[in-house]
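Tertiary structure, described
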Amino acid sequence: LAFPFVLAVFIYRRLEITTECLEKKEEATNNVVTYCTRAVECFPLLSDYKRRQLYVDGLDEPVGAWNGANKAFNIVDLHNSFFPEWPVLMCICFWYLFYGQKVIL
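Presented here is an overview of the structure given in this document. (Residues numbered from 1 in each chain as written. Predicted model: local features only at pLDDT ≥ 70, side-chain atom pairs only at ≥ 80, totals over all residues. Heavy atoms only, no water.)

**Regarding helix 1 (residues 2-41)**
Owing to its 3.6 residues per turn, the α-helix brings residues three or four apart onto one side. Taking 1.5 Å per residue, 40 residues should reach 58 Å; helix 1 reaches 56 Å between its end C-alpha atoms and fits that length. Regarding helix 1, the residues found buried are Phe-10, Cys-21, Ala-28, Val-32 and Tyr-35. (Helix = DSSP H or I, 4+ residues; strand = E, 2+ residues; numbered from the N terminus. Expected span 1.5 Å × (residues − 1). Buried < 20%, exposed > 50% of the residue type's maximum accessible area, 1.4 Å probe, protein only.)

**Observations concerning the packing of helix 1 against helix 4 (residues 60-82)**
One way to put it is that helix 1 packs onto helix 4 with a least axis distance of 8 Å and a crossing angle of 155 degrees. One element, helix 1, and the other, helix 4, form an angle in the roughly antiparallel class. As for how helix 1 packs across helix 4, the hand of that crossing is left-handed. Across from Phe-10, Arg-14, Ile-17, Thr-18, Cys-21, Leu-22, Lys-24, Lys-25, Ala-28, Thr-29, Val-32 and Tyr-35 in helix 1, the residues of helix 4 making contact are Pro-62, Val-63, Ala-65, Trp-66, Ala-69, Asn-70, Ala-72, Phe-73, Val-76, His-79 and Asn-80. A breakdown of the residues in the contact of helix 1 with helix 4 according to their chemical character gives 15 nonpolar, 5 polar and 3 charged. (Axes fitted to C-alpha atoms, helices over the stretch in contact; angles between N-to-C directions. Parallel < 35°, antiparallel > 145°, perpendicular 65-115°, else oblique. Left-handed = near helix turned anticlockwise from the far one by under 90°. Contact = heavy atoms within 4.5 Å. Nonpolar A, V, L, I, M, F, W, Y, C, P; charged D, E, K, R; others polar.)

**What to know about helix 4**
Relative to the 33 Å expected for 23 residues at 1.5 Å per residue, helix 4 spans 33 Å between its end C-alpha atoms, a close match to the ideal helical length. When we look at burial in helix 4, the residues that qualify are Pro-62, Ala-69, Asn-70, Phe-73, Val-76 and Asn-80. Residues of helix 4 that are buried make contact with helix 1 and helix 3 (52-58).

**Quick look at a nonpolar patch on the surface**
A cluster of nonpolar side chains, namely Phe-3, Val-88, Ile-92, Phe-94, Trp-95, Tyr-96, Phe-98 and Tyr-99, defines an oily patch on the protein surface of about 820 Å² accessible area. The greatest single-element share of the nonpolar patch, amounting to 7 residues, is contributed by helix 5 (residues 85-104). Relative to the assigned elements, Phe-98 resides in helix 5. (Patch = residues over 30% accessible without salt bridge, like charges linked within 9 Å, V, L, I, M, F, W, Y side chains within 5 Å. Areas by Shrake-Rupley, 256 points an atom, 1.4 Å probe, with all protein chains shown as cover. Salt bridge = Lys/Arg side-chain N within 4 Å of Asp/Glu carboxyl O.)

**Digging into the side chain of Asn-80**
Structurally, the position occupied by Asn-80 is in helix 4. Take Asn-80: its relative accessible area is 18%, and that puts it in the buried class. Among the polar contacts listed, one links the side chain of Asn-80 to the side chain of Thr-18, at a separation of 2.9 Å. Not counting residues within four places of it along the chain, the set of residues in contact with Asn-80 comprises Phe-10, Arg-14 and Thr-18. (Polar contact = N/O pair within 3.5 Å; in protein donor to acceptor, adjacent residues only side chain to side chain.)

Here is the structure:
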């Protein structure tokens, strides 16, 4: 009965940061896609004026922003996925320590 309550409190407390990190990751993904789409649409112009390398070098900023947002989201997601295991482990440890002694005695 306590586990669903603990999990609900955890979800309530982590909802904001999880949503924030996911939105930043999606925004960064959209920026990378937009940049690449513009490159494909403007390829003849970039090729004619020999500006391909400048455009490729400009990709570093959106990809770097995406990498940072993805890393932040993965950290939050990792913490969110491991939390439910800890209360279960604590309950099992408590059960063994408290009720295990009654079996022995």
